[in-house]
Amino acid sequence: VQLQASGGGLVQAGGSLRLSCAASGGIFSIYAMSWYRQAPGKERDLVAVISSTGSTNYLESVKGRFTISRDNVKNTVYLQMNSLKPEDTAVYYCAAHLPGTTHRYWGQGTQVTVSS
């Protein structure tokens, strides 16, 4: 499966952005979809995941501010990010994996920069 992320940019603290990740080349609806982020000099962290059935989990620091969703008709996963903070600044990556497997298909990153 191929993934194409978009929607990053520069926003002031307190603002919002919506990231999109379009998938092709696979049966999108059976994949669990995730968003990760990596800040300079730091490890890549899992931000949010949505299962093939729609259940979600979030990094503690983004709970209540970020929402992951998916559209199985458009083969797209979204990350709505509200109340952004400077510490949310990172390159954001979308990923797909089949349930019960560890292999991840990665999209290219999209830069999110939150200014104070």
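Residues numbered from 1 in each chain as written. Predicted model: local features only at pLDDT ≥ 70, side-chain atom pairs only at ≥ 80, totals over all residues. Heavy atoms only, no water.

Trainee: Help me understand the overall build of the chain in this model?
Mentor: On a plain count of helices and strands, the chain comes out with zero helices and eleven strands. Going from N to C terminus, the chain has its helices and strands arranged as β-β-β-β-β-β-β-β-β-β-β. Counting all 116 residues of the chain, 40% fall into the buried class. For the chain, long-range pairs separated by at least 24 residues make up 53% of all intrachain contacts whose partners lie at least 6 apart in sequence. Approximately 6000 Å² of the chain is accessible, and the part contributed by carbon and sulfur atoms is 50%. Across the chain, the centroid of the 10 positively charged side chains sits 5 Å from that of the 6 negatively charged ones. (Helix = DSSP H or I, 4+ residues; strand = E, 2+ residues; numbered from the N terminus. Buried < 20%, exposed > 50% of the residue type's maximum accessible area, 1.4 Å probe, protein only. Contact = heavy atoms within 4.5 Å. Areas by Shrake-Rupley, 256 points an atom, 1.4 Å probe, with all protein chains shown as cover. Lys, Arg positive; Asp, Glu negative; His and termini not counted. Charge placed at Lys NZ, Arg CZ, Asp CG, Glu CD.)

Trainee: Would you mind showing me how to read the nonpolar core here?
Mentor: For soluble globular proteins, nonpolar side chains are generally found buried alongside one another. If you look at the biggest cluster of nonpolar residues, it comprises 28 residues, and the most contacted ones within it are Trp35, Leu79, Met81 and Tyr92. Contributions of two or more residues to this core are made by β1 (2–6), β3 (17–24), β4 (32–38), β5 (44–50), β7 (66–71), β8 (76–81), β9 (90–97) and β11 (110–115). (Core = buried A, V, L, I, M, F, W, Y, C linked by side-chain atoms within 4.5 Å.)

Trainee: What is the right way to look at the pairing of β8 in this model?
Mentor: Counted residue by residue, β8 has five buried out of six residues, so it is predominantly covered. Judged from the six bridges that link them, β7 and β8 form a sheet pairing that is antiparallel. If you follow threonine 67 over to β8, its bridge partner there is glutamine 80. Connecting the antiparallel pair β7 and β8 is a turn made up of four residues, with asparagine 75 showing a positive phi of about 55°. (Pairing = 2+ DSSP bridges.)

Trainee: Any chance you could explain the sheet that holds β3 here in plain terms?
Mentor: In spatial order, the strands read β1-β3-β8-β7; together these four strands make up an open sheet with antiparallel pairing. Every interior strand has two partners, whereas the edge strands, β1 and β7, have only one. Here the strands of the sheet are splayed against their neighbours by 15° on average, with no regard to which way each runs. With six bridges joining them, β3 and β8 adopt antiparallel strand pairing. Residue serine 20 lies in a different strand from β8, and its bridge partner there is tyrosine 78. (Axes fitted to C-alpha atoms, helices over the stretch in contact; angles between N-to-C directions.)

Trainee: Would you mind showing me how to read the pattern of salt bridges here?
Mentor: Two side chains bearing opposite charge may form a pair once their charged atoms approach each other closely. Under the criterion given, the structure shown has three salt bridges. A salt bridge links aspartate 88 to arginine 37; its shortest N-O distance comes to 2.9 Å. Of this pair, aspartate 88 sits in the loop between β8 and β9 while arginine 37 sits in strand β4, and the two are 51 residues apart along the sequence. Here aspartate 88 falls in the buried class, since its relative accessible area comes to 1%. (Salt bridge = Lys/Arg side-chain N within 4 Å of Asp/Glu carboxyl O.)

Trainee: Could you clarify how one ought to interpret the packing of aromatic side chains in this entry?
Mentor: Geometry of an aromatic ring pair is reported as the spacing of the ring centres plus the angle between the planes. For the coordinates displayed, the defined rule picks out three aromatic pairs. Between tyrosine 93 and tryptophan 106, the aromatic rings sit 6.4 Å apart at their centres with planes inclined by 85°, giving edge-to-face as the arrangement. Taken together, the residues span a long stretch of sequence, with tyrosine 93 in strand β9 and tryptophan 106 in strand β10 (residues 105–106) at a distance of 13 residues. A relative accessible area of 16% means that tyrosine 93 is categorised as buried. (Phe/Tyr/Trp six-rings, centres within 6.5 Å; stacked < 30°, edge-to-face > 60°.)

Limitation: the analysis is restricted to geometry and does not speak to function.
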